[in-house]
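Breakdown of the fold
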Amino acid sequence: MADFDRILPLPQMLPRLWAFALRLTGDKHDAEDLVQRACVRALERSHQLRSDKAPLSWMFSIIHTTWISEVRARKVRHRSRVDWDESFEETIADPLSRDPQSEALHAEIIRTIQRLPESQRTVMLLVAVEGLSYQEAADVLQVPIGTIMSRLWRARQVIGAHFQKDERGQRAPT
């Protein structure tokens, strides 16, 4: 087991895996279940981890694939999911920005990103939040790098349009 921990250091990855899963699912319990299923899948398929692929990227890929499978299964079963409700989210105050305007802007940015289509939101999370390169994100999502670039560009356009100000300095309605 010691060799396995060196190759696939799951305990060290868990905080980032859980954060990614939470952003995908929007629900703490779903995120925990998703990470657990992904870890089991990784342990069962550890022989498939290629030496040229970073273990964290491989785990992001497993989480994403597992989540997409779950979303498809839910659609097949015609079960609806409760929409994200920010009142359920635990927030930790940023010690650098305690003024209400900064906190309101931060909350609005989060809401704007949450309203993105899932494909754009996922790319945004992988590249902008997790810091993966375009190629790493393409590997995780198993799509061409051009698709990553296109989705990221569209996501940035939507976010930019939301925060664009008109000639009076007022935010344009979106």
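Residues numbered from 1 in each chain as written. Predicted model: local features only at pLDDT ≥ 70, side-chain atom pairs only at ≥ 80, totals over all residues. Heavy atoms only, no water.

1. Focus: the packing of aromatic side chains
So the rule is basically this: Only Phe, Tyr and Trp rings are paired, with Trp represented by its six-membered ring, and only when their centres lie within 6.5 Å; those with planes under 30 degrees apart are stacked, over 60 edge-to-face, the remainder tilted. Numbering of helices and strands runs from the N terminus; a helix is a DSSP stretch of H or I covering at least four residues, while a strand is a stretch of E covering at least two. To sort residues, take the accessible area from a 1.4 Å probe on protein chains only and compare it with the maximum for the residue type: under 20% means buried, over 50% means exposed, and anything in between is partly exposed.
Enumeration according to the criterion identifies one aromatic pair in this entry. Look at F20 and F60: their rings are 4.8 Å apart centre to centre, the planes differ by 55 degrees, and that puts the pair in the tilted class. Of this pair, F20 sits in helix α2 (residues 10-25) while F60 is found in helix α4 (residues 55-76), placing the two residues 40 residues apart along the sequence. The class for F20 is buried, based on a relative accessible area of 0%.

2. Overview of the packing of helix α7 (residues 134-141) against helix α8 (residues 145-163)
Using the following cut-off: Axis definition: a line fitted to C-alpha atoms, over the contacting stretch in the case of helices. Angles run 0 to 180 degrees between N-to-C directions. Note that the term roughly parallel is reserved for angles under 35 degrees, roughly antiparallel for angles over 145, roughly perpendicular for angles of 65 to 115, and oblique for everything else. The contact criterion used throughout is that any non-hydrogen atoms of two residues lie within 4.5 Å. Following the grouping adopted for this structure description, the nonpolar residues are Ala, Val, Leu, Ile, Met, Phe, Trp, Tyr, Cys and Pro, the charged ones are Asp, Glu, Lys and Arg, and the polar ones are all others, Gly among them.
Between α7 and α8, whose axes approach to 8 Å, the crossing angle comes to 105 degrees. With respect to their mutual orientation, α7 and α8 come out roughly perpendicular. Residue-level inspection shows Y134, Q135, A137, A138 and L141 of α7 in contact with α8, the latter providing I145, I148, M149, R151, L152 and R156. For the contact of α7 with α8, the per-class residue count stands at eight nonpolar, one polar and two charged.

3. As for the layout of surface pockets
Applied cut-off: The method works on a 1 Å grid over the protein atoms by themselves. A cavity is a set of points holding a 1.4 Å probe that cannot get out, a pocket is an open set with protein on both sides within 12 Å along at least five of seven lines, and residues with an atom within 4 Å of a point line them. Grid points are joined across faces, edges and corners, and a volume is the space filled by probe spheres set on the points.
Empty space within the second largest pocket amounts to approximately 210 Å³. Around the second largest pocket, the lining residues are R41, R45, Q48, L49, R50, K53, W58, S61, I62, T65 and Q142. Tallying contributions element by element places α4 first for the lining of the second largest pocket, with four residues. Of the residues in the lining of the second largest pocket, the class split is three nonpolar, four polar and four charged.

4. Here we look at the nonpolar core
The condition that has to hold: To qualify as a nonpolar core, a set must consist of buried Ala, Val, Leu, Ile, Met, Phe, Trp, Tyr and Cys residues joined through side-chain atoms within 4.5 Å.
Counting 36 residues, the largest nonpolar core has L17, F20, M59, F60, I63, L126 and I148 as the members making the most contacts within it. Breaking this core down by element, the ones donating at least two residues are α2, α3 (28-44), α4, α6 (118-129), α7 and α8. Residues contacting F60, with those up to four places away along its chain left out, are R16, L17, F20, L126, E130, L132 and V140.

5. Here we look at the environment of W18
Tracing the backbone shows W18 in helix α2. Residue classification places W18 among the partly exposed residues on the basis of a relative accessible area of 28%. Placed 14 residues apart in sequence, W18 and E32 show a C-alpha to C-alpha distance of 6.7 Å. Aside from chain neighbours lying at most four places away, what touches W18 is K28, A31, E32 and V35.

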